[in-house]
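Observations on chain architecture
In case you want the letters, here they are:
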There are 2 protein chains.
Amino acid sequence: MGSISNTKTWQEKVDWARAQRDASLAKVEPKLDGIPGTGDLPLSSQDLPKAVLTPREIEITERYTVTELLGLLRERQITVEEVTRAFLRRAALAQAATNCLTALLWDEAIERARHLDSLPEPRGSLFGLPISTKEHHGMVGKNVTTSASFVAWIGKEHGSSLLYDTLWNEGCVFFARTTQPQTIMQLETESNAYGRTVNPYNRELTPGGSSGGESALIGMRGSILGVGGDIGGSIRCPAAHVGIYGFKATIKRLSTSGFRNIGSGKETISGCPGPMTVDREGLELFMKAALSAKPWRIDPSLTVKEWTPYKFTKAPKIAVQWWDGVVQPHPPMTRALREVAEACRKAGMEVVDWDCEGLDHKKGWDILSALYWPDGGKEALGLLEGAGEPILPLTKFILKEQPTVKDRTMHELWELCNERDMYRARYAQAWSKTGDDGNREVDVILCPPSFGAAMPHGQSRYWGYTSHWNLLDYPAAVFPVTKVNPDLDAKDLEYVPKNSQDKFVHDMYSPERFSNAPVSLQVVGRRQEDEKVLAALAEIERAMGRK
Amino acid sequence: MGSISNTKTWQEKVDWARAQRDASLAKVEPKLDGIPGTGDLPLSSQDLPKAVLTPREIEITERYTVTELLGLLRERQITVEEVTRAFLRRAALAQAATNCLTALLWDEAIERARHLDSLPEPRGSLFGLPISTKEHHGMVGKNVTTSASFVAWIGKEHGSSLLYDTLWNEGCVFFARTTQPQTIMQLETESNAYGRTVNPYNRELTPGGSSGGESALIGMRGSILGVGGDIGGSIRCPAAHVGIYGFKATIKRLSTSGFRNIGSGKETISGCPGPMTVDREGLELFMKAALSAKPWRIDPSLTVKEWTPYKFTKAPKIAVQWWDGVVQPHPPMTRALREVAEACRKAGMEVVDWDCEGLDHKKGWDILSALYWPDGGKEALGLLEGAGEPILPLTKFILKEQPTVKDRTMHELWELCNERDMYRARYAQAWSKTGDDGNREVDVILCPPSFGAAMPHGQSRYWGYTSHWNLLDYPAAVFPVTKVNPDLDAKDLEYVPKNSQDKFVHDMYSPERFSNAPVSLQVVGRRQEDEKVLAALAEIERAMGRK
């Protein structure tokens with residue numbers, strides 16, 4: 001890679017970053033043919049692969065689950081190189097369609113694939129699997145740079161991270177690095193460095209964020225397993241918006257050691273990496289691989305616990321959160337909840353309501369939005385201003401438009417942490433109470449991962465449906481359920497919004513605007529019950545008639 | 001209890017606190033006879049009980065292990081009331097001898113004992129066991145006040161705590177509340193409210209601190225199980241100084257919810273409660289009882305894990321830390337290490353050296369002492385100054401004489417937390433490395449819990465042997481080994497101190513000064529390996545010929 005030491009303005013730095021990206025894409029061989037020009041791209045990118053890729057590439061990238069593909073690789077029915085090339089080409093197509101990449105690792109991935117093919121025996125639980133990765137996590141290899149979406153950091157050298165070393169040791173192939181938004185604190189994906197990433201189902205909608213490069217890429221099957229990160233919904237919201245699976249474990253289960261991020265050393269609230277993938281099994285497979293190396297022996301902040309699959313001995317008890325007491329979900333989301341709850345009930349599960357109006361999710365947001373920026377956002381703003389890069393609207397939303405954000409004194413910080421802990425205790429006690437009086441305690445909450453399907457760009461201004469579980473540090477998985485169907489999902493014209501946020505969300509909805517956009521749901525468990533969440537998801541999907 | 005709303009000066013508040021304490025002691029019935037006047041108390045208090053208590057009281061309080069006494073209580077071979085009265089009287093004697101109590105709960109304990117005796121069936125794993133408690137943890141019951149050793153807080157109303165509710169539900173009897181030092185941040189036990197607590201083996205030595213009321217009380221068997229707390233050695237140092245057992249688990253294993261303390265909401269470094277007891281089994285029994293109620297269902301900050309006894313399948317591998325690279329332990333401590341290491345070797349364990357000079361424990365202290373006071377001590381100093389109470393020498397030592405203590409900005413705080421995490425990672429990686437190259441990884445470190453036996457008052461100015469494990473959040477247990485013997489523990493007159501702290505410690509030693517003082521050792525495990533530490537302790541004690 002080149003160097004940018006002599007470039008000066010923020011635009012020059014951006015030009016350099018884009019040139020680096022474009023040079024990495026120029027390696028694609030054979031070149032991609034048949035992609036319409038930027039202005040002519042169709043609303044949905046879902047039909048592009050058939051027009052551009054070979055039937056064999058389509059087969060490799062579409063036909064198999066993660067587990068199946070790993071089986072073929074392990075049995076050497078297919079070479080790692082062939083698989084890698086197929087995903088590299090499809091990822092390049094996804095980039096052309098959605099603007100989801102910061103780099104395509106053409107040379108590195110093929111070199112790695114050839115190395116794996118040359119081994120006498122396949123080695124590692126991820127042997128030969130191409131994995132895509134969020135940019136700020138770093139990368140295995142030489143001459144890696146990471147900007148974490150700050151122009152100020154463009155060209156900054158970066159090593160690998162503990163998590164990626166682990167995945168690498170399990171035999172994967174890193175092949176694509178993906179976009180994230182400015183400050184990595186948006187539920188969409190727009191940065192000055194790379195512009196806007198769009199939804200592969202509808203380019204007028206967002207793929208979500210902050211792991212929106214991943215969701216756009218995986219939503220086009222330009223990758224079938226990627227790594228995102230989540231501190232307010234950044235895995236789950238993008239996964240939901242493209243109809244894939246995503247999992248945010250309890251923090252300190254997976255290491256963030258070696259990631260580049262703002263707020264390093266901040267303890268008020270933490271993010272965590274996690275898998276985004278095309279099938280449910282991929283989530284558990286990732287967690288198992290990531291924990292089998294006992295990463296706490298290197299990063300001692302982690303919970304000492306390998307992945308320990310949970311088995312329900314009787315049908316799980318599900319509590320349905322129809323709304324969060326602040327913002328009413330759009331009709332397709334409510335329909336999805338109704339359909340899945342009904343399927344669970346039919347399968348013999350006990351299904352109850354999760355009435356959280358008394359638990360004051362609004363108060364939760366006031367605490368969380370303050371926890372994000374105990375320095376009043378000074379570090380982030382300093383980086384933006386220092387580089388002269390403009391602050392984007394959704395950065396402004398989270399950093400400057402929340403009345404709770406302020407630069408705190410030490411004692412104000414302690415007070416805020418106490419508020420957080422009291423809120424968490426109150427919520428935990430409410431959950432425990434469901435097990436009183438001879439009742440069975442609720443196993444998981446089934447809830448929306450967002451107030452609706454993917455939003456039009458710039459509209460992701462309500463985080464509550466995902467961020468609330470970050471505040472509580474509850475594990476949560478997202479899974480696809482249905483698509484917006486104007487015939488089924490008419491707007492409720494009688495609805496009277498309860499507050500300004502509710503009005504904003506209500507006004508945004510029209511069935512046509514979201515037509516055919518994926519609609520997903522979320523399964524949430526108690527803190528540290530990571531394995532139970534994925535077990536419950538399996539039960540729920542079986543109840544839905546999936547395998 | 002009375003009220004102090006009308007008292008004004010700090011001395012008046014202290015008078016009120018002492019009057020409350022004295023009134024609680026005046027309840028003792030029959031009165032204690034045969035205690036020498038304050039000026040005539042013998043150097044060691046160990047022979048006082050025989051002179052003051054009845055043979056039956058001596059039997060009840062001395063003859064049984066915790067487990068044995070619980071067995072008798074459960075089988076109702078003895079009433080809870082008789083046991084409680086015996087410990088109440090012995091605790092009152094311990095107070096007269098060592099000044100270890102803030103309150104004797106005469107009426108409350110007897111009422112509780114009678115209630116337990118009236119139950120048709122014994123209930124709970126701690127049925128009928130008298131338990132003593134550190135003052136700032138609060139207390140079950142009505143009209144409870146807690147000062148946490150701040151005159152400013154004398155008379156402050158206080159409820160119970162989650163931990164104490166749990167122990168209560170397991171059937172224990174709370175009968176005595178014990179002293180702690182000013183700010184609860186000393187390794188001795190002196191406060192303006194209650195004066196100085198002394199060592200029951202030698203009143204010219206400290207019983208340690210901050211849980212020094214507990215250690216003085218249990219060191220006289222005025223209690224056989226008590227609850228202390230530890231953020232720098234506050235369970236282990238006092239336990240070591242009186243030759244009892246103490247255990248500091250990984251933080252977030254036991255709840256501090258409901259304790260009164262300064263630094264509430266501070267996340268840089270945390271303390272944790274833990275058992276102090278006369279026998280090893282008492283440690284595990286306590287942990288089991290405390291965790292069986294799944295306290296994380298109420299306090300969601302806790303690790304979700306019941307007590308899960310560890311079993312070695314082969315003899316543990318022990319690393320002996322002969323010194324910490326900063327301060328050379330006194331000769332009796334080195335002898336204790338030698339004796340126990342030799343016993344372990346003879347029992348077939350692999351015993352290696354823990355060479356930590358390259359790990360820079362001094363740097364660890366610089367980080368930790370800063371982590372204690374990220375506000376520069378402003379809160380504590382404000383409380384002291386606000387009440388007009390004088391700052392005591394060892395408070396000054398930890399709060400004002402550490403060059404690292406300063407009121408930090410938010411970004412300085414983050415930087416400090418990063419330093420801490422890097423230090424922890426480096427240490428963990430060094431431990432992991434012992435398992436490289438086909439070696440077995442070290443299971444536990446055997447090390448001093450202090451540079452020597454109990455110090456003369458005011459000399460506890462080196463915390464490194466305990467506090468280092470708080471910095472790392474490693475679980476650690478203390479157990480009695482031997483006593484200082486001038487015939488065996490001559491001073492090394494040739495020794496040339498390596499630094500000023502080493503000189504301070506070296507100069508302090510003379511065999512006569514410490515003659516017959518208990519000498520204890522410490523077993524330390526990796527973070528979250530709490531159960532393994534207690535299992536290793538059992539193996540080590542068996543190697544020493546104990547059961």
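Conventions used here
- Residues numbered from 1 in each chain as written.
- Chains lettered and ligands numbered in written order.
- Predicted model: local features only at pLDDT ≥ 70, side-chain atom pairs only at ≥ 80, totals over all residues.
- Heavy atoms only, no water.
- Helix = DSSP H or I, 4+ residues; strand = E, 2+ residues; numbered from the N terminus.
- Rg over C-alpha atoms; globule rule 2.2 N^0.38 Å.
- Buried < 20%, exposed > 50% of the residue type's maximum accessible area, 1.4 Å probe, protein only.
- Contact = heavy atoms within 4.5 Å.
- Areas by Shrake-Rupley, 256 points an atom, 1.4 Å probe, with all protein chains shown as cover.
- Pairing = 2+ DSSP bridges.
- Axes fitted to C-alpha atoms, helices over the stretch in contact; angles between N-to-C directions.
- Parallel < 35°, antiparallel > 145°, perpendicular 65-115°, else oblique.
- Left-handed = near helix turned anticlockwise from the far one by under 90°.
- Nonpolar A, V, L, I, M, F, W, Y, C, P; charged D, E, K, R; others polar.
- UniProt positions renumbered as here; feature names shortened; annotations may be inferred.
- Buried area = accessible area lost by both parts, 1.4 Å probe.
- Salt bridge = Lys/Arg side-chain N within 4 Å of Asp/Glu carboxyl O.
- Polar contact = N/O pair within 3.5 Å; in protein donor to acceptor, adjacent residues only side chain to side chain.
- Arc of directions from axis to C-beta.
- Disulfide = S-S within 2.5 Å.
- Least-squares fit on C-alpha atoms with pLDDT ≥ 70 in both.
- Core = buried A, V, L, I, M, F, W, Y, C linked by side-chain atoms within 4.5 Å.
- Phe/Tyr/Trp six-rings, centres within 6.5 Å; stacked < 30°, edge-to-face > 60°.
- Lys NZ or Arg CZ within 6 Å of the ring centre and 35° of its normal.

This part takes up the overall build of chain A. When you go through chain A residue by residue, the secondary structure sums to 19 helices and 13 strands. The C-alpha radius of gyration computed for chain A amounts to 22 Å, which stays within 12% of the reference 24 Å derived for 547 residues, consistent with globular compactness. Across its three principal axes, chain A shows a C-alpha extent of roughly 65 × 50 × 50 Å. Within chain A, the proportion of its 547 residues that are buried is 63%. For chain A, the share of sequence-separated contacts (at least 6 apart) that also reach a separation of at least 24 residues comes to 80%. Accessible area for chain A stands at about 19,600 Å²; split by element, carbon and sulfur atoms hold 49% of it.

This brings us to the sheet that holds strand β2 (residues 130-134) of chain A. Residue and element names in this part refer to chain A. Reading across from one edge, β1-β3-β2-β6-β8-β7-β12-β13-β11-β9-β10 is the order of the eleven strands in this open sheet, with mixed pairing throughout. Because the sheet does not close on itself, it has two edges, and the strands there are β1 (101-104) and β10 (350-353). Strand-to-strand twist of the sheet, defined as the mean angle between neighbouring strand axes without regard to direction, takes the value 25 degrees. Both strand β9 (residues 317-320) and β10 contribute to a ladder of four bridges, which runs parallel. The residue bridging Val-320 from the neighbouring strand is Asp-353, located in β10. Relative to the sheet, helix α11 (residues 331-346) contacts β9, β10, β11 (444-447), β12 (476-483) and β13 (518-524), its axis offset from that of β13 by approximately 55 degrees.

Next up on the list: the packing of helix α10 (residues 280-292) of chain B against helix α19 (residues 530-543) of chain B. All names here are of chain B. In the contact formed by α10 and α19, the axes pass within 10 Å of each other and the chain directions differ by 165 degrees. Looking at the two axes, α10 sits roughly antiparallel to α19. α10 and α19 meet at a crossing whose hand is left-handed. Packed against α10, whose contacting residues are Arg-280, Leu-283 and Glu-284, the element α19 presents Leu-534, Leu-537, Ala-538, Glu-541 and Arg-542 at the interface. Tallied by class, the residues present in the contact of α10 with α19 amount to four nonpolar, no polar and four charged.

Feature annotation in UniProt assigns "domain: Amidase" (unreviewed entry) to the following positions: residues 82-534 of chain A. Across residues 82-534 of chain A, the secondary structure splits into 36% helix and 14% strand, with the terminal C-alpha atoms separated by 32 Å.

On to the interface of chain B and chain A, then. Of the residues lining the interface, 37 residues belong to chain B; the matching set on chain A comes to 37 residues. When chain B packs against chain A, close to 3,000 Å² is buried across both sides, 54% of that on carbon and sulfur atoms. Among the residues chain B hides against chain A, the three largest losses belong to Arg-297, Met-410 and Trp-414 of chain B. Together they make up 23% of the total. For the pair chain B and chain A, the number of links is four salt bridges. Taking the shortest distance from any N to any O, the salt bridge between Glu-441 of chain A and Arg-297 of chain B comes out at 2.3 Å. Applying the counting criterion to the chain B and chain A interface returns 22 residue pairs in polar contact (both at pLDDT 80 or more).

The next subject is helix α13 (residues 378-387) of chain A. All names here are of chain A. For α13, the set of buried residues is Ala-380, Leu-381, Leu-383, Leu-384 and Ala-387. Down the axis of α13, the buried side of the element spans an arc of 160 degrees, and every buried residue falls inside it. Opposite its buried face, α13 presents the exposed residues Glu-385 and Gly-386, each directed more than 90 degrees away. Each element contacted by the buried residues of α13 is listed here: α1 (10-25) and α14 (393-399).

All names here are of chain A. One can find Asn-192 in the loop between β4 (190-191) and β5 (195-196). For Asn-192, a relative accessible area of 11% translates into the label buried. Taking the C-alpha atoms as reference points, Asn-192 and Val-320, separated by 128 residues in sequence, lie 39 Å from one another. Sequence-distant contacts of Asn-192, that is, excluding residues within four places in its chain, are made with Trp-10, Val-14, Arg-18, Val-151, Gln-182, Glu-389, Pro-390 and Leu-392. Looking at Asn-192, its side chain comes within polar contact range of the main-chain oxygen of Pro-390, at 2.9 Å.

On to the environment of Lys-248 of chain B. Residue and element names in this part refer to chain B. Mapped onto the elements, Lys-248 comes out in strand β7 (residues 245-248). Along the sequence, Lys-248 and Tyr-474 sit 226 residues apart, while their C-alpha atoms lie 8.4 Å from each other. Among the polar contacts listed, one links the side chain of Lys-248 to the backbone oxygen of Tyr-474, at a separation of 2.8 Å.

Let us look at the sheet that holds strand β11 (residues 444-447) of chain B. Strand pairing in a sheet is mediated by backbone hydrogen bonds. Such pairs are either parallel or antiparallel. Residue and element names in this part refer to chain B. The sheet built from eleven strands is open, its strands ordered β1-β3-β2-β6-β8-β7-β12-β13-β11-β9-β10 with mixed pairing. Two strands bound the open sheet, and with one partner strand each, they are β1 (101-104) and β10 (350-353). Each strand axis lies, on average, 25 degrees off the axis of its neighbour in the sheet, ignoring direction. Pairing between β1 and strand β3 (residues 173-178): three bridges, direction antiparallel. Opposite Leu-101, over in β3, you have Thr-178 as the bridge partner. Contacting β6 (225-230), β7 and β8 (272-277), α10 crosses the sheet at an angle of about 145 degrees to β8.

Time to look at unusual backbone geometry. Here the bond from Glu-29 of chain A into Pro-30 of chain A is cis, since omega is -5 degrees, no more than 30 degrees from zero. Within the secondary structure layout, Pro-30 of chain A lies in the loop between α1 and α2 (48-52). Positive phi outside glycine occurs at Arg-76 of chain B, with the angle close to 60 degrees. Unlike most non-glycine residues, Asn-516 of chain B shows phi in positive territory, near 70 degrees. By the secondary structure assignment, Asn-516 of chain B is in the loop between α18 (511-514) and β13 (518-524). Residue class for Asn-516 of chain B comes out partly exposed when judged on its relative accessible area of 47%.

For the rest of this paragraph, the subject is the state of the cysteines. Taken as a whole and judged by the stated rule, the model has zero disulfides over all chains. Its sulfur unpaired, Cys-344 of chain A is 13 Å from the next cysteine sulfur, which belongs to Cys-447 of chain A. Relative accessible area serves as the criterion here: at 1%, Cys-344 of chain A is assigned to the buried category. With no disulfide of its own, Cys-417 of chain B lies closest to Cys-417 of chain A among cysteine sulfurs, the gap being 10 Å.

What follows covers the relation of the copies chain B and chain A. With an RMSD of 0.0 Å, the operation that places chain B on chain A is a rotation of 180 degrees combined with a shift of 0.0 Å along the axis. A rotation of that kind, with that shift, is consistent with a two-fold axis. A high fraction, 100%, of the interface residues of chain B reappear at the interface in chain A, so the copies pair face to face through one surface.

What follows is about the pattern of salt bridges. All names here are of chain A. Tallying each qualifying case throughout the model produces 73 salt bridges over all chains. Across the pair Glu-342 and Arg-345 runs a salt bridge whose closest N-O atoms are separated by 3.5 Å. Of this pair, Glu-342 and Arg-345 both sit in helix α11, three residues apart, roughly one helical turn. Salt bridges sharing partners connect three or more residues here, namely Arg-56, Glu-59, Arg-63 and Glu-82.

On to the nonpolar core. Core analysis: the largest hydrophobic core is formed by 123 residues, its most contacted members being Leu-104, Leu-446 and Phe-479 of chain B. Ile-244, Ile-318, Tyr-465 and Ile-540 of chain A belong to the second largest nonpolar core, which has 121 residues in total.

This part covers the packing of helix α12 (residues 361-372) of chain B against helix α15 (residues 410-433) of chain B. All names here are of chain B. Look at α12 against α15: their axes get within 10 Å of each other, and the N-to-C directions meet at 145 degrees. The interaxial crossing formed by α12 with α15 has left-handed handedness. Of the residues in α15, those in contact with His-361, Lys-363, Gly-364, Ile-367, Ala-370 and Leu-371 of α12 are Leu-416, Glu-419, Arg-420, Tyr-423 and Tyr-427. Looking at the contact of α12 with α15 residue by residue, the classes come out as six nonpolar, two polar and three charged.

Per the stated rule, a full pass over the model turns up 38 aromatic pairs over all chains. Centre to centre, the rings of Tyr-427 of chain A and Trp-469 of chain A are 6.1 Å apart; their planes meet at 85 degrees, and the pair counts as edge-to-face. Within this pair, whereas Tyr-427 of chain A is found in helix α15 (residues 410-433), its partner Trp-469 of chain A is found in helix α16 (residues 464-472), the two being separated by 42 residues in sequence. Each member of the pair, Tyr-427 of chain A as well as Trp-469 of chain A, is classed as buried. Among the aromatic residues, those joined into a ring-pair cluster are Trp-354, Tyr-423, Tyr-427, Trp-431, Trp-469 and Tyr-474 of chain A. Looking at Arg-260 of chain A, its charged tip hangs above the ring of Trp-153 of chain A, at a distance of 5.8 Å from the centre. Above the ring of Trp-323 of chain B, the side-chain terminus of Lys-498 of chain B is found at 5.6 Å from the ring centroid.

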